[in-house]
Amino acid sequence: MSDTPLRIVVCGGGNGAHVFSTLAAARANIDVSVLTIFENEAERWTAAMKENIVVSFAGESCQVKAKPFLVTRDPTAVIPKADVIVIVVPSYAHAPVLKAILPYCRPHTFIAGVPAHPGLDFQFTHIFGSKAKECTLVVLETLPWACRLIEYGAHAQVLGTKEKVGAALVQGEDSNIPLDCIETLQRLIGDKPRLNLVQNSLVVNLMAKTMIHPPIMYGKWRNWDGKPLPEKALFYQGIDDSQSHFLAQISDEVLLTSQAVKDKCSKTDLDISPISHISDWVKEYYADQVKDGSSLKLSFQTNQAYDGLVHPMKAVDGGGYVPDFSYRYTREDVPFGLVVLKGIAQIVNVSTPAMDTVIKWAQERLGEEYIVGTELKGRDLPKTRAPQVFGIYTVEQLLLPS
Ligand code: NAI
């Protein structure tokens, strides 16, 4: 490309948006602006931003210092000039963000969901309608980092960086992006994690490990007596036989679904090999950190990357802690995770008793209804990203053009 800086708009105002926008702004020849339409975040971020935003890395002395040239709530100020739009928000915020940017996106823009969470491909195509034909969407399997804000608009910390992240393209038939999308995203995030291009966004949907949290929550709290615990329970490292059993069962159902998609679709070369069982995934993605990989339970219990991570719990008057069922492990990972997987399984006629059990339990905690019996016909199904919500009922429709 020419010397003209690449104009990046990062949509979002949380942990990941701070890290992404700062790391990208630190690269040469990149202009970064931030669009956050949420509450008064743009004003808060602008007021807090000093000379630079600092991104620090846990356990390391290095820091990255840079900042976006503008943080705004006004899409008209940034979207019409954007070469790349990177959306870094939880999946329940994807719809409002997509609707806010849609009227101002130029033709041939590339948009990235970092991360996507299952079903962003369906939702994007639905909301963008005919405009989706001129765009390319990149979906990432997960956020490249575990990260958190230390001081809003001023300091974010990276707790860990993944080794690799799966990515796929959803290419509109008239999209003509003058950039290599994966190479460009890689340039923005740096060398690590490596972005691995997989064949189709459906494969990324089935790879997503958002399926980990709900069965662990279910296994831990399904028989909870309502009494506060004296301290917060360990999340991954506290996993017991029943929790690892539910997790393995759901992973089995995802693999059965993946194989059924491959068997039933006309795309004979569909490569589902990036979709791995949770027992293999944990050892592959955390190769150096799992101390005993002899079982799924021990792989989680001895994974040093999970050191000290606890269940989402709230302190209560009178002392102790109770589980927080509104946290993203249920609020996000069920309607934008398990329900999407269940919807895909239903299209290829795979029964999912383990998913059904966990969805039923979680929907009661969330005060929602996604399934009735084993069928996806609950009153709140339209709030989810099950493919059926977007009129997708066949395996061919599941495979968006890549
Ligand atoms: P976050 O919780 O920091 O994001 C919150 C932000 O989302 C808000 O500050 C706001 O900017 C935006 N937002 C929320 N509701 C909105 C709405 N109704 N309309 C418009 N914008 C809204 O999220 P974080 O930590 O940046 O994570 C982003 C995604 O990455 C999530 O899906 C999360 O599950 C996933 N993830 C995060 C990890 C982490 O370590 N932070 C690790 C792995 C995955």
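Figured I'd write up the structure that's included with this text.

Observations concerning the packing of aromatic side chains
Evaluated as defined, the whole model comprises 16 aromatic pairs. Ring geometry for Phe300 versus Tyr306: centroids 5.5 Å apart, planes at 35°, classification tilted. Residue Phe300 is classed as buried on the basis of its relative accessible area of 0%. Overall, the relative accessible area of 4% leaves Tyr306 in the buried class. Through a chain of ring-to-ring contacts, the aromatic side chains of Phe235, Tyr236, Trp281, Tyr285, Tyr286, Phe300, Tyr306, Tyr327 and Tyr329 assemble into a single cluster. The ring of Tyr152 is capped by Arg44, whose NZ or CZ atom sits 4.0 Å from the centre of that ring. Against the face of Tyr218 rests Arg222, its NZ or CZ located 5.8 Å from the ring centre.

Quick look at the sheet that holds strand β5 (residues 70-72)
As summarised here, the arrangement of the 8 strands in space is β5-β2-β1-β6-β7-β8-β11-β12, forming an open sheet in which the pairing is mixed. Of all the strands in the sheet, just β5 and β12 (194-197) have a single pairing partner and so form its edges. The mean angle between the axes of side-by-side strands here comes to 25°, regardless of whether they run parallel or antiparallel. Where strand β11 (residues 164-171) and β12 come together, 4 bridges link them in parallel fashion. Bridge pairing in β12 places Ala167 opposite Leu197. In this fold helix α5 (residues 120-128) packs onto β7 (110-113), β8 (136-140) and β11, with an angle of close to 155° to the strand it touches most, β8.

Examining the sheet that holds strand β4 (residues 63-66)
Taking strand neighbours across the sheet as the criterion, the 4 strands line up as β4-β3-β10-β9 in an open arrangement whose pairing is mixed. Each end of this open sheet is capped by a strand with a single partner; those strands are β4 and β9 (145-151). Taken over all neighbouring pairs, the strand axes of this sheet differ in orientation by 20° on average, direction set aside. Bridge analysis of β9 against strand β10 (residues 155-161) gives 6 bridges, and the strand direction is antiparallel. Each bridged residue has a counterpart across the sheet, and for Arg148 the counterpart in β10 is Gln157. Docked against the sheet, helix α1 (residues 15-25) engages β3 (53-57), β4, β9 and β10, running at close to 95° with respect to β9.

Some details on the site of the ligand
Surrounding the ligand, one finds 21 residues, the nearest of these being Gly13, Asn15, Gly16, Glu41 and Glu332. Within the side chain of Glu332, an N or O atom sits 2.6 Å from an oxygen atom of the ligand. The protein chains hide 82% of the 830 Å² of surface that the ligand would expose on its own. Taken together, the elements giving at least two residues each to the shell around the ligand come down to α1 and β9. With 3 residues, the top contributor of residues to the shell around the ligand is β9.

Definitions and limits used
- Residues numbered from 1 in each chain as written.
- Predicted model: local features only at pLDDT ≥ 70, side-chain atom pairs only at ≥ 80, totals over all residues.
- Heavy atoms only, no water.
- Phe/Tyr/Trp six-rings, centres within 6.5 Å; stacked < 30°, edge-to-face > 60°.
- Buried < 20%, exposed > 50% of the residue type's maximum accessible area, 1.4 Å probe, protein only.
- Lys NZ or Arg CZ within 6 Å of the ring centre and 35° of its normal.
- Pairing = 2+ DSSP bridges.
- Helix = DSSP H or I, 4+ residues; strand = E, 2+ residues; numbered from the N terminus.
- Axes fitted to C-alpha atoms, helices over the stretch in contact; angles between N-to-C directions.
- Contact = heavy atoms within 4.5 Å.
- Near = heavy atom within 4 Å.
- Polar contact = N/O pair within 3.5 Å; in protein donor to acceptor, adjacent residues only side chain to side chain.
- Areas by Shrake-Rupley, 256 points an atom, 1.4 Å probe, with all protein chains shown as cover.

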